[in-house]
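Analysis of the macromolecular model
For reference, the chains in residue letters:
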Amino acid sequence: MTHPPIEAFEPMLSSATIAERVAELGAQINREFQGQELIVVGVLKGAALFMSDLIRCIDVPLRCDFLRVSSYEGGLKSTGVVRWEFDLTQTIEDQNVILVEDIVDTGLTANFLYESLLLRRPRSLKFCTLLHKEANTRINFDLDYIGFTIPNRFVIGYGLDLDGKYRNLPHIAALPVES
Ligand code: PRP
């Protein structure tokens with residue numbers, strides 16, 4: 001797959017803007033879960049950077065866990081099928097759980113994960129996403145914490161990839177429209 005050079009991507013969210021919003025989300029979670037404990041579940045690989053920054057803004061006692069599902073297979077469009085790659089390492093029954101995603105696009109992954117984890121009878125299940133492509137999303141539940149609502153553009157950086165690359169960019173940028 002050939003990609004445009006990195007200079008051709010349009011800057012969308014700077015690292016400072018992201019950090020400010022992540023701190024706000026952490027503060028909101030602190031208020032809502034004061035006096036309680038959490039399991040924060042990152043959906044790999046995309047949510048790795050957001051998760052690591054978010055949990056450092058949360059000061060209620062928490063455990064981290066991770067799972068991995070995949071539906072993009074490295075490409076620009078969802079394959080339409082969500083594939084489990086690996087699961088949590090602990091029970092979430094009767095626990096307060098926050099699922100952490102980098103992006104909700106079609107909503108296929110979010111719906112699949114929300115319904116799968118609900119079957120495990122958590123005390124509460126919240127969904128936190130850094131980015132939401134609202135116009136593109138068909139979702140069966142309410143997103144509890146949204147960092148930014150963005151237009152329907154393919155985005156990279158801060159955990160988000162194109163063919164596995166660019167996850168390490170500290171900011172978020174959009175693929176040029178003509179690509
Ligand atoms: C991305 C992203 C979400 C999902 C969102 O994962 O991290 O999990 O796609 O898209 P959807 O709303 O259309 O389902 P991907 O399968 O690319 O794996 P990755 O996190 O490893 O990049």
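A few points on the structure. (Residues numbered from 1 in each chain as written. Predicted model: local features only at pLDDT ≥ 70, side-chain atom pairs only at ≥ 80, totals over all residues. Heavy atoms only, no water.)

Around the ligand there are 18 residues in total, and Tyr72, Glu101, Asp102, Thr106 and Thr109 lie nearest to it. Thr106 is positioned with one of its side-chain polar atoms (N or O) 2.5 Å from an oxygen atom of the ligand. Gly107 has a polar backbone atom sitting 2.8 Å from an oxygen atom of the ligand. Protein chains shield 94% of the accessible area of the ligand, which is 500 Å² for the free molecule. Of the residues forming the shell around the ligand, the biggest block, 4 residues, is contributed by strand β5 (residues 96–104). Across the shell around the ligand, the residue classes break down as 5 nonpolar, 6 polar and 7 charged. (Near = heavy atom within 4 Å. Polar contact = N/O pair within 3.5 Å; in protein donor to acceptor, adjacent residues only side chain to side chain. Areas by Shrake-Rupley, 256 points an atom, 1.4 Å probe, with all protein chains shown as cover. Helix = DSSP H or I, 4+ residues; strand = E, 2+ residues; numbered from the N terminus. Nonpolar A, V, L, I, M, F, W, Y, C, P; charged D, E, K, R; others polar.)

Moving on to the packing of aromatic side chains. Tallied over the full model, the rule gives 4 aromatic pairs. Taken together, Tyr114, Phe127 and Phe141 form an aromatic cluster joined through their ring pairs. (Phe/Tyr/Trp six-rings, centres within 6.5 Å; stacked < 30°, edge-to-face > 60°.)

Working note: a packed helix pair is described by the angle between its axes plus the distance between those axes. Orientation of helix α1 (residues 15–32) relative to helix α2 (residues 48–55), taken along the N-to-C sense of each, is 55°, at an axis distance of 9 Å. Taken together, α1 and α2 sit at an angle that is classed as oblique. Where α1 crosses over α2, the handedness of that crossing is right-handed. Here Val22, Leu25, Gly26 and Ile29 of α1 lie close against α2, whose contacting residues are Phe50, Asp53 and Leu54. Tallied by class, residues from the contact of α1 with α2 come to 5 nonpolar, 1 polar and 1 charged. (Axes fitted to C-alpha atoms, helices over the stretch in contact; angles between N-to-C directions. Parallel < 35°, antiparallel > 145°, perpendicular 65-115°, else oblique. Left-handed = near helix turned anticlockwise from the far one by under 90°. Contact = heavy atoms within 4.5 Å.)

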